[in-house]
Amino acid sequence: MRRNIGNGLILLFFIFLLFREPRASGIPSFSQNFSLLIEKVKLQAIEVLDVKEKINLLTVTNASFTRVGGEETLSILDPIYEQLGCSQGRRNLILLRSVPQHPLYLFFFNREKEKAAYFEINPKLRLENLETKKQEEIFSRIIVTDLSREELFKNPTRWEKRFKEKIFGGNEVRLISISFLWMERLPQEILKAIELHDHLCPGLLSGYSITKFVLDEIPPMESMDYFVIGSPVWCKDDIIQSILNTTPGKRNFVVLPITDKEKEHLKDKNVAGIFLQIDRKGGGGKALVVGFDWKNLEEEAGIRREGFPWEWRLRLALYMARHLKDYQKYIYVIKKFDMEKDEKPETYFSIGMNPWKKMGLWIE
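Remember, it's a predicted structure, so these values are computed and weren't measured experimentally. (Residues numbered from 1 in each chain as written. Predicted model: local features only at pLDDT ≥ 70, side-chain atom pairs only at ≥ 80, totals over all residues. Heavy atoms only, no water.)

*Asks:* In this structure, what is going on with the packing of aromatic side chains? I would like to understand it.
*Replies:* Both the distance between ring centres and the angle between the ring planes are used here to describe each pair of aromatic rings. One pass over the full model with this rule turns up 14 aromatic pairs. Centroid distance Phe-163 to Trp-310: 4.8 Å. Interplanar angle 70°. Geometry classified as edge-to-face. Of this pair, Phe-163 sits in helix 7 (residues 156-164) while Trp-310 sits in helix 14 (residues 309-322), placing them 147 residues apart in sequence. An identical accessibility class is assigned to Phe-163 and Trp-310; each is buried. Within the aromatic cluster, the residues linked to one another by ring pairs are Tyr-105, Phe-107, Tyr-118 and Phe-168. Stacked on the ring of Trp-182, the Lys or Arg Arg-111 has its end atom at 4.1 Å from the ring centre. Lying over the aromatic face of Tyr-348, Lys-358 brings its terminal NZ or CZ to 5.9 Å of the ring centre. (Phe/Tyr/Trp six-rings, centres within 6.5 Å; stacked < 30°, edge-to-face > 60°. Helix = DSSP H or I, 4+ residues; strand = E, 2+ residues; numbered from the N terminus. Buried < 20%, exposed > 50% of the residue type's maximum accessible area, 1.4 Å probe, protein only. Lys NZ or Arg CZ within 6 Å of the ring centre and 35° of its normal.)

*Asks:* Teacher, can you tell me more about the state of the cysteines here?
*Replies:* Here is the idea: a disulfide is a covalent bond, and it sits between the sulfur atoms of two cysteines. Applying the stated criterion to the full structure yields zero disulfides. There is no disulfide at Cys-201, and the cysteine sulfur nearest it, in Cys-235, is 3.7 Å away. Judged by relative accessible area, which is 11%, Cys-201 ranks as buried. (Disulfide = S-S within 2.5 Å.)

*Asks:* Teacher, can you tell me more about the pattern of salt bridges here?
*Replies:* Pairing is possible between side chains that carry opposite charge, provided their charged atoms lie close to one another. A complete count under the given rule lists 20 salt bridges for this structure. Note that Lys-329 is salt-bridged to Glu-300, the shortest N-O span being 3.7 Å. Pair noted here: Lys-329 is in the loop between helix 14 and strand 12 (331-339) and Glu-300 is in helix 13 (residues 294-301), with a separation of 29 residues, a long-range link. For Glu-300, a relative accessible area of 40% corresponds to the partly exposed category. What emerges from the salt-bridge pattern is a single network uniting Glu-47, Lys-115 and Asp-146. (Salt bridge = Lys/Arg side-chain N within 4 Å of Asp/Glu carboxyl O.)

Written out as structure tokens, the structure reads:
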């Protein structure tokens, strides 16, 4: 009887070992240390982090793209969700790319109070024994400030000075633009593209509208793949890649810069890219060249390119975010045609070839 009980306990033990959740070495301690880090952040910025509804708190960070003391920072996303209620599913956590050597930062924006807090982590920080470390050992910069759209546009000179002081570690324009436009409840396609582009601007928003227009003109088809020639090049190309899932690595996105002098040869100076829809089996397909009329957009918005560049760009981006459904006012077809059966994307962009000449849109 005792032997049966003993054998049963041994069996249960092995079943436990078999089905328990595997844990990679080091991960639990990192998670615990990052929880302590968020606790220390809360002590310094409780007025910003205190919201009636968690959905009104935005977190922007470069965690998962940088390291602290040589260690990965992906684990900090768990305590950000558990303690602050911010996640990508709730649309209030944005992960921005940064160069590997950039310090880890945590930025918080409370849209209920229009307040923000910025924390830059000491890149030499060792995560162990975090509870015993002093504030200056952990953070190389802490800023808690009011962040009101009305006040910023009323006093742009004051904010220009603050930008030069790098109150957010040199991330001022990207973090403020993301915060202000996040309040407009942007669609998921734009939120995901921000992560790739690392800021939000009129150029990125134009790419969103251009992509919607392209999908209207040449809708997705089961046997067809999109191919993009990004020319001229501007911020639009990052969101086009993101939405259409066309990238240089998959060989379905090619970038072709055009100088200002070369633009003088274009029949239409508003060109915004060449979009192909290729039959993956037999070749051929459809070609579409679109234009984006910035002048018309700026006139409609009542915004001139004057004052600080970040100021008018932010005003224009806010206007565009509020009028995303009006994209057809500013985008139009320059040329649309069926490709020959044997034509492939390379027909238009091989080395030494000018696709604008090939399409008859170049003036000598």
